[in-house]
Amino acid sequence: MKRIWVLAVLSMGIPAQATTYTVSAGASAATIQEIVNTAGSGAGNIVMFSAGSYSLSSTVRLPCSNGTVYTGPNVGVVTQANRPVAVLTNVVTTNYALEVNSNGTSFTGGQGCTIQYLCFSGTQGGIYIAHPASGIVIQYNYFTLNDPPVGGGQSREAIYLDGYQNLGPDPSTGESYITIVWNVFYNNCLRINAEGGGNGNVDSGGYCAATLVMAFNNHLVWSNNTVNLVEEGLKLVEESSALQQTSLNADVENNNLQGNSRIMIESQQDTNGVGVYSHNAFYQPNNPNNGTFELSIPEWTPSISPTHIADDNVYIGNVPITGETGTGAHYGIGLELGGAGSIATNSLYQGGNGPETCGAGQWCTGWGIMVGGSFTSATISGNYLSGTDAWHGTASDLTKAVNYEGSATKSNAGLVLSSNTVVQTSTTIAIAPPVISAANGSGGSTITISDSDTKHGLTFFYTTDGSVPAIFPPGGAAGSTHVYTGPFTVPAGTAVKAIASWGQGANQGIVFPSFGYVPSSVTTLGGASALVRKTLVSAYLHGNGNANTMVKGGTLQFTAYGVYSDGSVSLLPDSAGNAVTGWNTSNHAIAKVSTGGHVTAVGTGKVNVQATIGTLQSSPWTVTINGPLPAVSASPAAAPTAVRVSQGTGAAVSEESASAAGGAAPAAAPGAAAAPDAAAAASTEPAPAAAPTDSAPAAAPDGGVPIPIAGPAPAAPGKALPDAFLGPFWGIVSPAGGSASISNSHLFIGVPGGSNHDALLPSNQAVRVMQAIGNENYDVAIKIDSPLFAGDANTSQGLMVQSDSQNFITFALETDGSKIGLSAHTVTGGVATTVLQDSDLSQYQNPMYLRLTRNNSNYVAFYSTDGISWTQAATFTDTRIMTGIGPFAGNHNDTPANAVPVVMSVNWFDVQQ
C-alpha cells in the first residue's frame, strides 16, 4: 500500500521525539487506520486531519495509551458558526466513526489521548469509548446531522462511554477520568423526534443522545458543552435491576442545553459517588411530551448516601405540552429528584403563564420539582419557581411547585423545604449589579470585582475606557470589553465599568428566549471621587546595591522613590506623572550627577546626592568617595552598535549599545526608570579582565547563544555581575524556541504560544537569558516589570540558576488559571523537588522583585513589591556547583497548542556586593 502521510518533526513546544502525522483529506478508513497505528505507538505524537471530507466505510480505531493527540485544524472555540473543517462521516449505519481502544484504567487527564477539532456530520455514531478505558479528553468537536431514520437500525450516540454493564460494578472493566468539554451537538435526531417509535422513541429509553454513559464510570467531566435539538443531552443509563454504577463522581457544569424534546440530563444509577450539576441552562424544549423533564437525578438505593447537587441551574419550559394526557401523567418537570442526600438549591424554574390545558390537570406548562422515593432525604432551598402550574395562592405555598411520586411525600424523613419562592406569572429576574472595589497601591489602583449575588456564580464583563461593557460568549469579543478573571491594576482616576451576567463557560452571554435571568445594570467606579488620587508627600533615594561609598573615577546609579498620602511607595516616575525633574550633588568638585541619576566621582571626600520632584526635595543620600583603585588594563571600548541575530540561532535583538566608557550602561533617559548596571559594580570591585578582543562575546552557559552587544567580554566565570542587560556576557538559551531583545534598558524574553516551554520537564525547555558564574556566593535580584495575568494558566517568570538542562534551581512567579503564586524548585537529573509552593500570592502586584542568595550550600529566596523591603519566602540547601544564572520565562499546557504566549520584561539584574 502506498503511504500518503507526511512525517515532520515538530519544533517549538512538542517534546524532542514527538512527530506529527498528517492525514490527507479524503483518505480512506484503511489508510487512516495505518497512520493512527503508527502514530499511537510513540509518546506524544500528533495526528493532524487536514481540512476536507472523510467518508469512512468502517470504524477507525484509535490507539490511546501514549498521549496521542488526534486533531483537526485548530479553530478556537467551536460554535455553530465556527465549525471544524475536518469532517468525518461514517457511511456504515451500524458502527461509529471513531473507536478508542481499551487502554486500561491507569491514566488521568489527557495521558491516554485527546480528540479535538473534528466535525462528525451525517454520522450515525460519533465516538465509541471501549472498556476499560481512562485518561481520554474529547474537546472542541462538532456533532451534527446524526439523524438515523425510524426503523433504519438502532440509533447510536454522538459519544458513547461503554462501562460494560454485564460485568457489574468493577473498576477494572469500566471507564475513568473521561473529560468531555467544549463540544457542540447540533441538529441531531430530528426524524426520531418527529416520528417516534423504535429504539429512538422520545422517552427515557431513547439512546440518540449527545453522550451516553453505560455502567461503571468514575471521575466524569461533562462541561461547557452546547446541545441543541438532540433527543437527550447527557444520559447516564438507568440500571435498576443490578447495582451497576457504584462510583460515579461526575462534574456536569456550564452546559447550554436548548431545544431537547425529552431528557436533557439523566442520571438514574445507584451510586456512592458525588455528582455536581451546576450552572447549566435547560430551556425551550422542542414539543415536550411523554412526561418531559430536563434534569433527572434519582438515586434508588437507600443503603448508600451519595451527595448529588443540582445547584444554580436555569430550567425554562414555556412551551405548552402537546403529548399524552390522562390521570397520573406528569408534564413539564424541571428537576426529578429522587436521591438520598440530593441537594437542589438556588435555581430558577419558569413555566408558561397560560391556563392548564392537559388532561392530567397539572404540569401542563409549569416547570417545577418532582420528588420520588420513600427514602428521600433531600434539601430543596433558595429556589424561584413560577408559572400557572406552580402557583397555588401564596409565595410560600409549594403545593404545586414541588410534587411527589411513588411513595414520596412531604413528610419524608430528612426532607428540607426552605426559602423557596413561588410566583404566578413568570417574569425575567434581574441580576444584582457587581461590586467594584479599588485598593490604591504603588502601581495604581488594584480593581476587584466581586459577586454581590451570593446565590449565583456570575460572569463579569468590564471596561476601563469609559465605554459600556458588552456581553459576549466564549471565544467572542466586543470592543474594549474584557471578561473578569482576577484583580487588575489601573492608573488612579480610571473609570471602571462592569456588568454581571448569569452563566459561565458555554452559558456565558446566553440570551434566553422568553424568561430567565437578565444581565444586571452597569456599575461604574470612576473618577477622582471613586479612585482617590494619591498625593506625593516625600521622596527618598536608592543607590545601586545600597552603596554609600565610591572610588574616584567610579560611578553609581541612583533611583528615586515617592512616598504617598496613603502610605504606599512607588518608583519614580509613577503612573500619576510624578517624576524627577532634576538631580544635584552638594559639591560638584567631588561628584557630578547626570539627568538620569548617574553619579560620577571626580574627587575624594563626602557629598550629598539629592533629587528634585517638582517643588519637592528628596532626602539626601550621603556618599564617601575614596582614592582610586589601582589601574586595570582593559581593551578599548567598541563603538556603539546595534546587532541583530536571526531567530533560528536563538533570536537575540539589541536595540541599544554600551557607552564608550568601558562598556558601562548609558544613563537612563529623563523620565525613564533607571536600572543598576555593570558600572556600579566597578565602583567597589576591580573590573573583570577584558577578553582578548572586544568583538568576541563570552560563551553563554548551557549551550546558549551569546547576545552580541558591544563592550569588553568578562574574564573566566566568577562572581555574578550586575547589569542592565547591556554587557556581552549574556546568552539566550531557547531549547524549544523563543527570543530575547533589549530595548529602553529592559530585557524582553519572548515565549511563543501554541507550544510548551516548561522548565520542570525532565529537560529544561524554558526560555532563559544566562550569564556564566563560578563556584562563589552571591546575592542577586531582578525587577520584573511585565504583569502576570491569573487567567493565563501555567505561565511563569522568574530567576534560574543552572548547571545544565537537567540540573537547576527555579524561583518564579506563576499562574494556575485563577491565581498568581510563587514557587521554588530544585531539579536534579530532571526530577523536580518543590521547596516553595504558594499558590495564592496575595501580595502580588506589578512590578515585582525576586531575590536569591547563596552562602555555600544554603539558599534563601525573597520577594518584594518595592525592591527595598524584602520578605523571606523559602530557605533550602543545594550542594551542586551551578555554572549560570539569569531570568527565565515559560509556559505549559496539557494540550500544547493551547499554551499561552509570554513576554517577560526585566528592568535590571542587581547584585548585592
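The model shown is predicted, which means the values in this text are computed figures rather than measured ones.

Asker: Even after reading the chapter, I still don't get the overall build of the protein, so can you show me in this structure?
Answerer: For the protein, the helix and strand inventory stands at four helices and 72 strands. Accessible surface for the protein amounts to roughly 32600 Å². Of this, 52% is attributable to carbon and sulfur atoms.

Asker: Explain the pattern of salt bridges here, please?
Answerer: When their charged atoms lie close together, side chains carrying opposite charge are able to pair. Under the counting rule described, the total for this entry stands at four salt bridges. Between Lys783 and Asp785 there is a salt bridge whose closest N-O contact spans 3.4 Å. According to the relative accessible area criterion, Lys783 is buried, its value standing at 4%. Here Asp878 ties to Arg880 by a salt bridge, and the two come within 2.7 Å at their closest N and O atoms. Comparing Asp878 with Arg880, the two get one shared label, buried.

Asker: Sorry, what's going on with the side chain of Asn420 here?
Answerer: With respect to the element layout, Asn420 can be found in the loop between strand E36 (416-418) and strand E37 (421-423). At 2.9 Å, the side chain of Asn420 forms a polar contact with the backbone oxygen of Ile380.

Asker: Help me understand the sheet that holds strand E28 (residues 314-317) in this model?
Answerer: Strand order in the open sheet made by the 12 strands is E4-E7-E10-E13-E16-E19-E22-E25-E28-E31-E34-E37, with parallel pairing throughout. For this open sheet the edge positions go to strand E4 (52-56) and E37, each flanked by a neighbour on one side alone. Within the sheet, the average angular offset between the axes of one strand and its neighbour, ignoring direction, is 10°. Across three bridges, strand E19 (residues 226-228) lies against strand E22 (residues 256-258) in parallel orientation. From the neighbouring strand, Asn228 faces E22, where its bridge partner is Gln258.

Asker: Looking at this structure, how should I read the state of the cysteines?
Answerer: One covalent bond between the sulfur atoms of two cysteine residues makes up a disulfide. Following the criterion strictly, the structure yields one disulfide and no others. For Cys64, the disulfide goes to Cys113, at an S-S distance of 2.1 Å. Handedness here is read from the sign of the S-S torsion; for Cys64 and Cys113, about -95°, the answer is left-handed. Of the two residues, Cys64 sits in the loop between strand E5 (60-62) and strand E6 (68-71) while Cys113 sits in strand E9 (residues 113-116), which places them 49 residues apart along the sequence. The two residues Cys64 and Cys113 agree in class, both being buried.

Asker: Got a minute to help me understand the nonpolar core in this structure?
Answerer: When a protein is soluble and globular, its nonpolar side chains tend to lie buried together. Core analysis: the biggest nonpolar cluster contains 72 residues, and Trp222 and Leu335 have the highest contact counts within it. Examining the composition of this core, we find that five residues originate from one element, helix H1 (residues 29-39), more than from any other. Each residue touching Leu335, except ones within four places of it in the same chain, is listed here: Leu295, Ile297, Ala310, Tyr315, Ala344, Tyr349, Gly368, Ile369 and Met370. Judged by nonpolar contacts, the second largest core, of 46 residues, contains Leu747, Ile820, Leu841 and Ala874.

Asker: What should I look at first to understand unusual backbone geometry in this one?
Answerer: When glycine is set aside, most residues are seen to have a negative phi, and most peptide bonds are trans. The peptide bond linking Leu572 to Pro573 adopts the cis configuration, its omega dihedral lying at 0°. Positionally, Pro573 belongs in the loop between strand E50 (569-571) and strand E51 (582-585). Geometrically, the link from Asn846 to Pro847 is a cis peptide bond, its omega value of 5° lying close to zero. Mapped onto the elements, Pro847 comes out in the loop between strand E67 (831-838) and strand E68 (848-855).

Asker: Sorry if this is basic, but what is going on with the pairing of strand E15 (residues 175-181) here?
Answerer: Every other side chain in a regular strand lies on the same face of the sheet, so the side chains alternate between the two faces. Counting buried positions over the seven residues of E15 gives six, a clear majority of the element. Where E15 and strand E18 (residues 217-223) come together, six bridges link them in parallel fashion. Within E18, the residue paired with Thr179 across the bridge is Val221.

Asker: I tried to follow the environment of Ile380 on my own but got confused; where do I start?
Answerer: With respect to the helices and strands, Ile380 occurs in strand E33 (residues 379-381). Taking C-alpha positions, Ile380 is 9.7 Å from Ser347, a pair spaced 33 residues apart along the chain.

Asker: Sorry, what's going on with the packing of aromatic side chains here?
Answerer: Remark: the centre distance and the inter-plane angle together describe each pair of aromatic rings, the angle taken between the planes. Counted under the stated rule, the structure contains 22 aromatic pairs. Here Tyr117 and Tyr140 contribute two aromatic rings whose centre-to-centre distance is 5.1 Å and whose plane-to-plane angle is 5°, an arrangement assigned as stacked. Here Tyr140 lies in the loop between strand E12 (133-139) and strand E13 (142-144) and Tyr117 lies in the loop between E9 and strand E10 (119-121), a separation of 23 residues in the sequence. In this structure, Tyr117 and Tyr140 share a single accessibility class: buried. Where Tyr540 meets Tyr561, the ring centres are 5.5 Å apart and the plane angle is 10°; that geometry is what we call stacked. Of this pair, Tyr540 sits in strand E47 (residues 536-543) while Tyr561 sits in strand E49 (residues 555-564), placing them 21 residues apart in sequence. Exposure remark for Tyr540: the relative accessible area of 22% places this residue in the partly exposed category. Judged by its relative accessible area of 3%, Tyr561 is buried.

Asker: Got a minute to help me understand the confidence of the model for the protein in this structure?
Answerer: Interpretation of this model should avoid reading the predicted coordinates in detail wherever pLDDT is low. Predicted confidence across the protein gives a mean pLDDT of 76, with 73% of residues reaching 70 or more. Highest mean pLDDT in the protein belongs to E5 (97); lowest belongs to helix H4 (residues 678-682) (30).

Asker: Just checking my understanding: could you explain the side chain of Thr68 for this structure?
Answerer: Inspection of the secondary structure assignment puts Thr68 in strand E6. Given a relative accessible area of 0%, Thr68 falls into the buried group. Residues in contact with Thr68, not counting those within four places in the same chain, are Ala39, Gly40, Gly42, Asn45, Val47, Gly112, Cys113 and Thr114.

Asker: Teacher, can you tell me more about H1 here?
Answerer: In an α-helix there are 3.6 residues to a turn, and that puts residues three or four apart on one side. Within H1, burial applies to Ala29, Thr31, Ile32, Gln33, Ile35, Val36 and Ala39. Packing partners of the buried residues in H1 comprise strand E2 (19-23), strand E3 (46-49), E4, E5 and E6.

Asker: Mind showing me how you'd approach the sheet that holds strand E42 (residues 482-483) here?
Answerer: As a general point, the strands of a sheet are linked pairwise by backbone hydrogen bonds and lie either parallel or antiparallel. If you walk across this open sheet you meet the four strands as E42-E41-E44-E46, and the pairing is antiparallel. Each edge of the sheet is formed by a strand with only one pairing partner; in this case those strands are E42 and strand E46 (523-525). Here strand E41 (residues 458-463) runs beside strand E44 (residues 496-502); their pairing, made up of six bridges, is antiparallel. Across the sheet, the residue bridging to Thr459 is Ser501, located in E44.

Asker: Quick question: what am I supposed to make of the environment of Asn74 here?
Answerer: Turning to its location among the elements, Asn74 is positioned in the loop between E6 and strand E7 (86-90). Separated by 10 residues in the primary sequence, Asn74 and Pro84 place their C-alpha atoms 7.7 Å from one another. Non-local contacts of Asn74, meaning those with residues more than four positions away in its chain, are made with Tyr117, Ala897 and Asn898. Polar side-chain contacts of Asn74 include one of 3.3 Å to the side chain of Tyr117.

Asker: How do you make sense of the pairing of strand E8 (residues 96-100) when you look at a structure like this?
Answerer: Counting buried residues in E8 gives five out of five residues, a clear majority hidden from the surface. Sheet analysis places E5 next to E8, joined by three bridges and oriented parallel. The residue bridging Leu62 from the neighbouring strand is Val100, located in E8. Sheet topology places E8 next to strand E11 (residues 125-129); four bridges connect them, and they run parallel. Note on E11: the bridge partner recorded for Val100 is Ile129.

Asker: Hey, could you run me through the environment of Ala611 in this one?
Answerer: Relative to the elements of secondary structure, Ala611 occurs in strand E54 (residues 605-613). When the C-alpha atoms of Ala611 and Asn584 are compared, they prove to be 6.4 Å apart, with 27 residues separating the residues in sequence.

Thresholds, definitions, all that
- Residues numbered from 1 in each chain as written.
- Predicted model: local features only at pLDDT ≥ 70, side-chain atom pairs only at ≥ 80, totals over all residues.
- Heavy atoms only, no water.
- Helix = DSSP H or I, 4+ residues; strand = E, 2+ residues; numbered from the N terminus.
- Areas by Shrake-Rupley, 256 points an atom, 1.4 Å probe, with all protein chains shown as cover.
- Salt bridge = Lys/Arg side-chain N within 4 Å of Asp/Glu carboxyl O.
- Buried < 20%, exposed > 50% of the residue type's maximum accessible area, 1.4 Å probe, protein only.
- Polar contact = N/O pair within 3.5 Å; in protein donor to acceptor, adjacent residues only side chain to side chain.
- Pairing = 2+ DSSP bridges.
- Axes fitted to C-alpha atoms, helices over the stretch in contact; angles between N-to-C directions.
- Disulfide = S-S within 2.5 Å.
- Core = buried A, V, L, I, M, F, W, Y, C linked by side-chain atoms within 4.5 Å.
- Contact = heavy atoms within 4.5 Å.
- Phe/Tyr/Trp six-rings, centres within 6.5 Å; stacked < 30°, edge-to-face > 60°.
- pLDDT = per-residue confidence, 0-100.

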